[in-house]
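Analysis of the macromolecular model
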Amino acid sequence: EPEVTQTPSHQVTQMGQEVILRCVPISNHLYFYWYRQILGQKVEFLVSFYNNEISEKSEIFDDQFSVERPDGSNFTLKIRSTKLEDSAMYFCASSEPHSYEQYFGPGTRLTVT
Amino acid sequence: RKEVEQDPGPFNVPEGATVAFNCTYSNSASQSFFWYRQDCRKEPKLLMSVYSSGNEDGRFTAQLNRASQYISLLIRDSKLSDSATYLCVVNIKGRDDKIIFGKGTRLHILP
């Protein structure tokens, strides 16, 4: 069964450093998403991406964040200058055209020290 | 009123019992509704979409009540493996589309 994959599974970085989180969505999906979940809290929408551009973003997704689809398979989330409060689990998800049923990757745990 | 609200639980239910939980939403522009389950420190997994006519998948039944703005999930003949957190997800279509997750309801199935 096709699945969304994410790398790395755990990333530790120092405050102020840039990080790039990587995702490979399911191959025939056209909608891509990033979410974060701070430990013990709810899943929060960050951004959705379709047709090589951002379609929606939340208030959390400020200028420190960017997304890119650098090739036909990868979908990345970059955090330019990490803060302590960016420590969270980051989930990538994808969905088929015209469907809101999203399939999530296993997540990247980001720890900012 | 919160956009998506769920009873956090935990619901402690003996194996084999039936359990139901609700999720209320505040925005009448909400158009699509889903139940996901999330195991501890894992990703959310789609359980089922919720249609206006209601839908059933094995032991799981989901219903939507637009007039009262809530969705429900019923689990029959509960199994130990049903222990998880159940997340309600609402897609709101409007000037700005939004995807809102509830905080989840924790379910513990007791042997």
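Look above for the structure.
For the structure given in this document, a descriptive report is provided here. Remember, predicted model here, so these are calculated numbers, not experimental data.

What counts, and where the lines are drawn
- Residues numbered from 1 in each chain as written.
- Chains lettered and ligands numbered in written order.
- Predicted model: local features only at pLDDT ≥ 70, side-chain atom pairs only at ≥ 80, totals over all residues.
- Heavy atoms only, no water.
- Helix = DSSP H or I, 4+ residues; strand = E, 2+ residues; numbered from the N terminus.
- Rg over C-alpha atoms; globule rule 2.2 N^0.38 Å.
- Buried < 20%, exposed > 50% of the residue type's maximum accessible area, 1.4 Å probe, protein only.
- Contact = heavy atoms within 4.5 Å.
- Areas by Shrake-Rupley, 256 points an atom, 1.4 Å probe, with all protein chains shown as cover.
- Buried area = accessible area lost by both parts, 1.4 Å probe.
- Salt bridge = Lys/Arg side-chain N within 4 Å of Asp/Glu carboxyl O.
- Polar contact = N/O pair within 3.5 Å; in protein donor to acceptor, adjacent residues only side chain to side chain.
- Pairing = 2+ DSSP bridges.
- Axes fitted to C-alpha atoms, helices over the stretch in contact; angles between N-to-C directions.
- Disulfide = S-S within 2.5 Å.
- Phe/Tyr/Trp six-rings, centres within 6.5 Å; stacked < 30°, edge-to-face > 60°.

Quick look at the overall build of chain B now. Counting secondary structure elements, chain B contains zero helices and eleven strands. The order of helices and strands in chain B, counted from the N terminus, is β-β-β-β-β-β-β-β-β-β-β. Taking 111 residues into account, the globule formula puts the C-alpha radius of gyration at 13 Å, and chain B, at 14 Å, falls close to it. Considered along the principal axes of its C-alpha atoms, chain B spans approximately 50 × 30 × 20 Å. With 111 residues in all, chain B has 44% of them scored as buried. The long-range fraction of contacts in chain B, counting pairs at least 24 apart against all pairs at least 6 apart in sequence, stands at 58%. About 5,600 Å² of surface is accessible on chain B, with carbon and sulfur atoms providing 48% of the total.

Take the interface of chain B and chain A next. Note: interface size is frequently given as the accessible area lost on complex formation between the parts. Contact with chain B, which involves 21 residues of that partner, is made by 18 residues of chain A. The contact between chain B and chain A buries some 1,600 Å² in all, and 56% of this surface belongs to carbon and sulfur atoms. Broken down residue by residue, the surface that chain B buries against chain A is led by Arg41, Ile99 and Phe101 of chain B, which jointly contribute 32%. Linking chain B to chain A there are zero salt bridges. Counting across the chain B and chain A interface gives three residue pairs in polar contact (both at pLDDT 80 or more). Every element with two or more residues in the side of chain B that touches chain A is listed here: strand E4 (30-38), strand E5 (44-50), strand E9 (84-92) and strand E10 (98-101) of chain B. Looking at which element gives the most residues to the side of chain B that touches chain A, the answer is E4 of chain B, with four residues.

What follows covers the environment of Arg22 of chain A. Mapped onto the secondary structure, Arg22 of chain A falls in strand E3 (residues 19-24). When the C-alpha atoms of Arg22 of chain A and Val67 of chain A are compared, they prove to be 9.9 Å apart, with 45 residues separating the residues in sequence.

Right, let's talk about the sheet that holds E3 of chain A for a bit. Residues and elements named next belong to chain A. Pairing is antiparallel across the open sheet formed by four strands, whose spatial order is E1-E3-E8-E7. Across the chains shown, the open sheet's two edge strands, defined by having one partner strand only, are strand E1 (5-7) and strand E7 (65-68). This sheet shows a mean twist of 20° between the axes of neighbouring strands, independent of strand direction.

Pairing between the strands of a sheet is mediated by backbone hydrogen bonds and can be parallel or antiparallel. Residues and elements named next belong to chain B. The five strands are arranged E1-E3-E8-E7-E6 in an open sheet whose pairing can be described as antiparallel. With one partner strand each, in any of the chains shown, strand E1 (4-6) and strand E6 (55-57) form the two edges of the open sheet. Adjacent strand axes in the sheet meet at a mean angle of 20°, parallel and antiparallel pairs treated alike. Bridge count between E1 and strand E3 (residues 19-25): three bridges; the pairing is antiparallel. For Glu5, the partnering residue across the bridge sits in E3 and is Thr24.

What follows is about the state of the cysteines. For the coordinates displayed, the defined rule picks out two disulfides over all chains. A sulfur-sulfur distance of 1.9 Å marks the disulfide that ties Cys23 of chain A to Cys92 of chain A. Every disulfide takes its handedness from the sign of the S-S torsion; for Cys23 of chain A and Cys92 of chain A that torsion is -60°, giving left-handed. Separated by 69 residues along the polypeptide, Cys23 of chain A in strand E3 and Cys92 of chain A in strand E9 (residues 88-95) bring together distant segments of the chain. Note on Cys92 of chain A: relative accessible area 0%, which makes it buried. The disulfide partner of Cys23 of chain B is Cys88 of chain B, and the gap between their sulfur atoms is 2.0 Å.

Okay, the packing of aromatic side chains next. A full pass over the atoms with the stated rule returns 17 aromatic pairs over all chains. Each member of the aromatic cluster is reached from another via a ring pair, and the members are Tyr33, Tyr35, Phe45, Phe91 and Phe104 of chain A together with Tyr36 and Phe101 of chain B.

Let us look at the pattern of salt bridges. Residue and element names in this part refer to chain B. This model, assessed by the stated rule, comprises seven salt bridges over all chains. Here Glu43 and Lys45 are joined by a salt bridge, their closest N and O atoms 3.1 Å apart. Overall, the relative accessible area of 13% leaves Glu43 in the buried class.

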